[in-house]
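Understanding the architecture of this molecule
Here is how the chains run, residue by residue.
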Amino acid sequence: MSGIKELDQLLASMKPELTQDKFVFCTVSGELSEYIELKPIATFLESEGLTLVLTRDQADKAGLKYESIFRKITLMIHSSLEAVGLTAAVSTVLTTKGISANVIAAYYHDHIFVSAEKAEQALLALKELSQ
């Protein structure tokens, strides 16, 4: 099943949902297999190291360092990885509210990580964008 590509349809139907979990981004050295027990929800290998996105609780238990705490907003629409403009629209509306957005596009949904302190404000802004 392919995702939706039309920006107007994506914006009107995105149904943003905010999770209660708090997430952090950590960078580690070594192989992913060494950290898989931490159950990261996302990883990315960069030349500087392996980035793990995991719950703050998991990072704290493992003694991993992080700089900021985020909450995740998931857009509950199956967006195509080839859709044009969704990330720009989301980041633009959050920018107007002074909210940083770290977007991860997965196969079915887009996930926006925002500062834990501004998560409710970000959710409201995205719901307004959807109307």
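Note: the structure precedes this text.
The following refers to the structure shown. (Residues numbered from 1 in each chain as written. Predicted model: local features only at pLDDT ≥ 70, side-chain atom pairs only at ≥ 80, totals over all residues. Heavy atoms only, no water.)

1. Focus on the overall build of the chain
Put simply, the rule reads: Numbering of helices and strands starts at the N terminus; helices are DSSP runs of H or I of at least 4 residues and strands are runs of E of at least 2. Radius of gyration: C-alpha atoms only; globule rule: 2.2 Å multiplied by the number of residues to the exponent 0.38. A simple rule labels every residue: compare its accessible area, found with a 1.4 Å probe on the protein chains alone, to the largest value its type can have, and call it buried under 20%, exposed over 50%, or partly exposed in between. Throughout, a contact is declared for two residues whenever any of their heavy atoms are within 4.5 Å. Per-residue and other accessible areas were derived by the Shrake-Rupley procedure at a 1.4 Å probe size, with only the shown protein chains allowed to occlude residues. Under the counting rule used here, the positive set is Lys and Arg, the negative set is Asp and Glu, and His together with the chain ends is not counted. One atom stands in for each charge, and that atom is NZ of Lys, CZ of Arg, CG of Asp or CD of Glu.
Helix and strand content of the chain: four helices and seven strands. For 131 residues, the compact-globule estimate of 2.2 N^0.38 gives 14 Å, and the chain sits close to it at 15 Å. Overall, the C-alpha framework of the chain stretches about 40 × 35 × 25 Å when taken along its three principal axes. Per-residue burial over the chain gives 39% buried out of 131 residues. Contacts in the chain between residues far apart in sequence, at least 24 positions, make up 72% of those at least 6 positions apart. Only carbon and sulfur atoms are counted for the fraction: they give 52% of the accessible area of the chain, which is about 7,800 Å². When the 12 basic and 17 acidic side-chain charges of the chain are each reduced to a single mean position, those positions are 7 Å apart.

2. Considering helix H3 (residues 86–96)
Put simply, the rule is: Think of the arc as the fan of directions from the helix axis to the C-beta atoms.
Taken together, the buried positions of H3 are Leu86, Ala89, Val90, Val93 and Leu94. Mapping the buried residues of H3 onto a view down its axis gives an arc of 125 degrees, with all of them on the same face. In H3, the exposed residues that point more than 90 degrees away from the buried face are Thr95 and Thr96. Just downstream of H3, glycine 98 is the residue with a positive phi angle, here 75 degrees.

3. Description of the environment of isoleucine 112
If you trace the backbone, isoleucine 112 turns up in strand E7 (residues 110–115). Assessed through its relative accessible area of 1%, isoleucine 112 is described here as buried.

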